[in-house]
Amino acid sequence: MEVRGLRGWYGKSEILQGMDFTVNAGETVALLGRNGVGKTTTMRALTGLLARTEGDIFFEGQSILGCPTHVVARKGIALVPEHRGIFATLTVEENLRLAARQDSRWSVEDVLKLFPAIARRRSTPGGKLSGGEQQLLSIGRALVTGPKLLLLDEPTEGLAPIIVDQLVDLMKTVKQSGLSILLVEQSLEVCQKVADRLLILDHGVVAWSGTAGDLSHDPHARSTYLTLENP
Ligand SMILES: Nc1ncnc2c1ncn2[C@@H]1O[C@H](COP(=O)(O)OP(=O)(O)OP(=O)(O)O)[C@@H](O)[C@H]1O
């Protein structure tokens, strides 16, 4: 994915003010920044969910700016939103089967094998799962659609450390399968474990980019662009 001069608005507020970045095939890129800088808005702009955008977004060489969400999804971009978006009254298995596409390289059975924690709960309604299980299920739902690029919006937010470790392992497995991942993530520790590159968003643009190692040696960037919550 190549993003060039991306601008995006809510009403008259210009939140994204000319973002430039790429996510190469097979790469995991993390998007960081203080609360409210526009990380979720970026994810929405990339998936046709923001009403007003300008600039350009290329996916596999084709412009997708302004494409409706279902078209973006069909091209192979799957968004796992911050609030997970699973069906509370449907079982785990029904949630997966409803999302599954025949041409996906991940079948429902593959996903259940990959996530034993939710396989054990396959007959449980989505609404009865713990936060961590819901997060795994929503990633599973994205995988069965057969994406090439997975967009994960704060997947570890609010989860216990042991579940975060499981999610990190899962992201590594997904990455090894060749999928590209763009991840909004506040924890530098998680970024260090899974991301090839980090992008820090500030004032609607990508203000810093580099590896987690670069950032650990750059106290100025950490104090300028990140909150104290970032370890
Ligand atoms: N639906 C909306 N209508 C109007 N303004 C919005 C809407 N959603 C978000 N905003 C504003 O847009 C700005 C960017 O919000 P966004 O959710 O993208 O930030 P974020 O970087 O993801 O932050 P957080 O870490 O808090 O989720 C914020 O100032 C927010 O108040």
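These numbers come from a predicted model, not from an experiment.

Taken together, the residues surrounding the ligand are Y10, I15, G33, N35, G36, V37, G38, K39, T40 and T41. With 3 residues, the single largest contributor to the shell around the ligand is helix α1 (residues 39-46). Among the residues forming the shell around the ligand, the class breakdown is 3 nonpolar, 6 polar and 1 charged.

What follows deals with the domain arrangement of the protein. Its domain assignment divides the protein into domain 1 (2-76 + 148-225) and domain 2 (86-147). A straight line from the C-alpha centre of domain 1 to that of domain 2 covers 23 Å. Contact residues are listed per partner, giving 15 residues for domain 1 and 10 residues for domain 2. Mapped onto the side of domain 1 that touches domain 2, the elements with two or more residues apiece are β7 (149-153) and α7 (161-176). In terms of residues, the side of domain 1 that touches domain 2 owes the most to one element, α7, which gives 5 residues. Class assignment of the residues belonging to the side of domain 1 that touches domain 2 gives a composition of 10 nonpolar, 4 polar and 1 charged.

It is worth spelling out the packing of helix α3 (residues 92-99) against helix α6 (residues 131-143) at this point. Where α3 meets α6, the axes come as close as 8 Å, and the angle between the chain directions of the two elements is 25°. By the criterion of interaxial angle, the relationship of α3 to α6 is roughly parallel. By crossing handedness, the relation of α3 to α6 is classed as right-handed. Between α3 and α6, the residues in contact are V92, N95, L96 and A99 and L137, G140 and R141, respectively. For the contact of α3 with α6, the residue count by class is 4 nonpolar, 2 polar and 1 charged.

This part takes up unusual backbone geometry. Phi at E60 is positive, roughly 50°, even though this residue is not glycine. You can see E60 is positioned in the loop between β4 (52-59) and β5 (62-63). In the Ramachandran plot, E154 falls in the positive-phi region, its phi being about 45° despite a non-glycine side chain. Along the chain, E154 turns up in the loop between β7 and α7.

All right, on to the sheet that holds strand β2 (residues 13-22) then. Backbone-to-backbone hydrogen bonds join strands into a sheet, with any given pair of strands oriented parallel or antiparallel. The strand order across the open sheet formed by 4 strands is β2-β1-β4-β5, and the pairing between neighbours is antiparallel. Because the sheet does not close on itself, it has two edges, and the strands there are β2 and β5. Contacts from α1 reach β1 (2-10), β2 and β4 within the one sheet, and its direction differs from that of β2 by about 70°.

Counting buried residues along β7, 5 of its 5 residues qualify, which places the element largely inside the surrounding structure. Covered by surrounding structure in β7 are L149, L151 and D153 together with L150 and L152, the residues of both alternating faces. As paired strands, strand β6 (residues 77-80) and β7 are joined by 4 bridges and run parallel to one another. Its bridge partner being in β7, L79 is matched across the sheet by L151. Pairing analysis gives 5 bridges linking β7 to strand β8 (residues 180-184), with the strands arranged parallel. Considered in β8, the bridge of L151 is made with L182. In the classification by handedness, the crossover that spans β7, the intervening α7 and the parallel β8 is right-handed.

Procedures and definitions
- Residues numbered from 1 in each chain as written.
- Predicted model: local features only at pLDDT ≥ 70, side-chain atom pairs only at ≥ 80, totals over all residues.
- Near = placed C-beta within 6 Å.
- Helix = DSSP H or I, 4+ residues; strand = E, 2+ residues; numbered from the N terminus.
- Nonpolar A, V, L, I, M, F, W, Y, C, P; charged D, E, K, R; others polar.
- Domains from an automatic or database assignment.
- Contact = placed C-beta atoms within 7 Å.
- Axes fitted to C-alpha atoms, helices over the stretch in contact; angles between N-to-C directions.
- Parallel < 35°, antiparallel > 145°, perpendicular 65-115°, else oblique.
- Left-handed = near helix turned anticlockwise from the far one by under 90°.
- Pairing = 2+ DSSP bridges.
- Buried ≥ 20, exposed ≤ 12 C-beta atoms within 10 Å, placed from the backbone.
- Right-handed = clockwise from strand over helix to strand, strands pointing away.

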